Amino acid sequence: MSLTERDKKYIWHPLKQHQTHPDSLGIVKAKGCILTDENGNEYIDAISSWYTCMFGHCNDYIINKVHHQMQQLDQIMFSDFTHPPAVELSEKLINILPENQAKIFFNDNGSTSVEAAIKMVLQYYFNRGDKRTVFVAFENGFHGDTFGAMSTSGLSVYNGPFEEFLMDVKRIPTPNGVNHTDILQQLEKITAENKVAAFIYEPLVQGAAGMKIHSIEGLNEILSFCKSKSIITIADEVMTGFGKTGRNFASDYMVTKPDIICLSKALTGGMVPMGITSCTQDIYEAFLSSDISKGFFHCHTYAANPIACAASIASIELLESKEIQQNIKKISDAHELFSERIKKHSKVNSTRQIGVILAIDIDTNMERYGALRDILLKSFMKEGVFLRPLGNTIYIQVPYVIDMVLLEKVYNTIEKVLDIL
Ligand SMILES: *Cc1c(COP(=O)(O)O)cnc(C)c1O
């Protein structure tokens, strides 16, 4: 029996309506940019498996570091112990994060990195005896699927049934280059009427919303407004972190740096799960007290798992290498050229790009999980390319190690599939 058949017996998949979509394709191998299914078919992973394995699947450099770590120390509680990979990783991260980041808190995925950030903010004000509980977030943002993260997310496909249990979150539009004053006025009003604790945002690119890119100056103005009102800013860099936008972090484009940063996805190069919430010295100091209960009593059992830390150290070393930095530039340049080419296609409405992220809006009204989206996904797979449209957006986020011939094949496949659409 095939994996697809055996899978159906016991497995409940995420983001899936099993009644209409019972099948899941069995993938048995991944190396570099290529996925191999159980029938031996190969696919280019053009979205880096949800933008995680940016250094290619089963990257030998990461494997070696992880293998070595596995033979030294596998898992240890992080509440009373520390260990070399956690210490080394914290040093490496502080070295590349925006200069105001001072402390590294470990979680185990993207949602929990956001969840920890939200709890940090709430307790920061609680500890200071200044109760503030309202959050501000962008419309259509995505911050994860746990309750705090879900509250701050604005994508209704995910949140609908849980709405009445969510936190109080006010939403503002993303800055598009002409509406900054309007947004700042909305923010003024929200701040005047509520005790705003924090503003959480995906810096420059809203991933799950369809790789929507907003204006650098606009975001800067919002962040500087928040600073002026002592509103904590949380940059959710779970998707944008580690080179995607052409800089190590999207926050590197900003004049005003966030107080808290959430990291996951490419943090470990896709090898194992891990999340990190970093923060400024000011946030950290609000938890220092002779009163034990003012500490941050939030912990995940696998926090700072040594193997995950080793994978992350290896990933950051790769990110900093000349070769990867050059590849990021090469992919961005190639995207720019392809963007000009595909813009002229009759089925294409518009394109947008930053760093290695390229999004193409097609001229149809496609539901997020509708029939046309399934046809597109299947057509791409038939051509040997794994692309996963979001609404009527097709986006590319290939691993940094991709060969230019393979990247051209991704481009050609998009053109070919759009031709027959
Ligand atoms: C994926 C994602 C998350 C959630 O991360 P998980 O590891 O899936 O829980 C949060 N924020 C952003 C911006 C993301 O892209």
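Anyway, here's the lowdown on the structure attached to this text. (Residues numbered from 1 in each chain as written. Predicted model: local features only at pLDDT ≥ 70, side-chain atom pairs only at ≥ 80, totals over all residues. Heavy atoms only, no water.)

Let's talk about the site of the ligand
Consideration 1: Close contacts around the ligand come from N109, G110, S111, F142, H143, G144, E202, D236, V238, M239 and K265, and that covers them all.
Consideration 2: N109 is positioned with one of its side-chain polar atoms (N or O) 3.4 Å from an oxygen atom of the ligand.
Consideration 3: Contact between the ligand and S111: an oxygen atom at 2.5 Å from a side-chain N or O atom of the residue.
Consideration 4: Relative to its unbound accessible area of 380 Å², the ligand is 81% covered by the protein chains.
Consideration 5: Each residue belonging to the shell around the ligand can be placed in one class, and the counts come to three nonpolar, five polar and three charged. (Near = heavy atom within 4 Å. Polar contact = N/O pair within 3.5 Å; in protein donor to acceptor, adjacent residues only side chain to side chain. Areas by Shrake-Rupley, 256 points an atom, 1.4 Å probe, with all protein chains shown as cover. Nonpolar A, V, L, I, M, F, W, Y, C, P; charged D, E, K, R; others polar.)

What to know about the layout of surface pockets
Consideration 1: Taken as a whole, the largest pocket holds about 1800 Å³ of empty space.
Consideration 2: Together, 37 residues line the largest pocket, and L15, K16, D23, S24 and R388 are the ones closest to its centre.
Consideration 3: Elements supplying a minimum of two residues to the lining of the largest pocket: α1 (3-10), α2 (48-51), α7 (156-159) and α13 (371-382).
Consideration 4: With five residues, the single largest contributor to the lining of the largest pocket is α13.
Consideration 5: Within the lining of the largest pocket, the residues separate by chemical class into 19 nonpolar, nine polar and nine charged. (1 Å grid on protein atoms, 1.4 Å probe; cavity = no way out; pocket = protein on both sides within 12 Å on 5 of 7 lines; lining within 4 Å. Points joined across faces, edges and corners; volume = space filled by probe spheres on them. Helix = DSSP H or I, 4+ residues; strand = E, 2+ residues; numbered from the N terminus.)

Some thoughts on the packing of aromatic side chains
Centre distance and the angle of the planes are the two values used to describe a pair of aromatic rings.
Consideration 1: Inspection of the entire model under this criterion finds 11 aromatic pairs.
Consideration 2: Pairing Y51 with Y395 gives two aromatic rings, centres 6.1 Å apart and planes at 65°, and the pair type is edge-to-face. With Y51 in helix α2 and Y395 in strand β16 (residues 393-396), this residue pair connects regions lying 344 residues apart in the sequence. Grouping residues by exposure puts Y51 and Y395 together as buried.
Consideration 3: The structure contains a cluster of three or more aromatic residues connected by ring pairs, namely F105, F287 and F296. (Phe/Tyr/Trp six-rings, centres within 6.5 Å; stacked < 30°, edge-to-face > 60°. Buried < 20%, exposed > 50% of the residue type's maximum accessible area, 1.4 Å probe, protein only.)

Looking at the packing of helix α4 (residues 84-96) against helix α11 (residues 306-320)
Consideration 1: Interaxial distance between α4 and α11 falls to 9 Å at its minimum, and their mutual angle equals 35°. Between α4 and α11 lies a crossing of left-handed hand. Touching P85, A86, E88, L89, K92, L93 and I96 of α4 are P306, C309, A310, S312, I313, I316, E317 and E320, all from α11.
Consideration 2: Classifying every residue of the contact of α4 with α11 by side-chain character gives 10 nonpolar, one polar and four charged. (Axes fitted to C-alpha atoms, helices over the stretch in contact; angles between N-to-C directions. Left-handed = near helix turned anticlockwise from the far one by under 90°. Contact = heavy atoms within 4.5 Å.)

Notes on the state of the cysteines
The term disulfide refers to a covalent linkage connecting the sulfur atoms of a pair of cysteines.
Consideration 1: Enumeration according to the criterion identifies zero disulfides in this entry.
Consideration 2: In this structure C33 is a free cysteine whose sulfur lies 8.1 Å from that of C53, the closest cysteine sulfur available. (Disulfide = S-S within 2.5 Å.)

Details of the pairing of strand β5 (residues 134-138)
Consideration 1: Counted residue by residue, β5 has five buried out of five residues, so it is predominantly covered.
Consideration 2: Covered by surrounding structure in β5 are V134, V136 and F138 together with F135 and A137, the residues of both alternating faces.
Consideration 3: In the sheet, β5 pairs with strand β7 (residues 196-201) via four bridges, with the strands oriented parallel. Note on β7: the bridge partner recorded for F135 is A198.
Consideration 4: Pairing geometry for β5 and strand β6 (residues 169-172), over four bridges, is parallel. (Pairing = 2+ DSSP bridges.)

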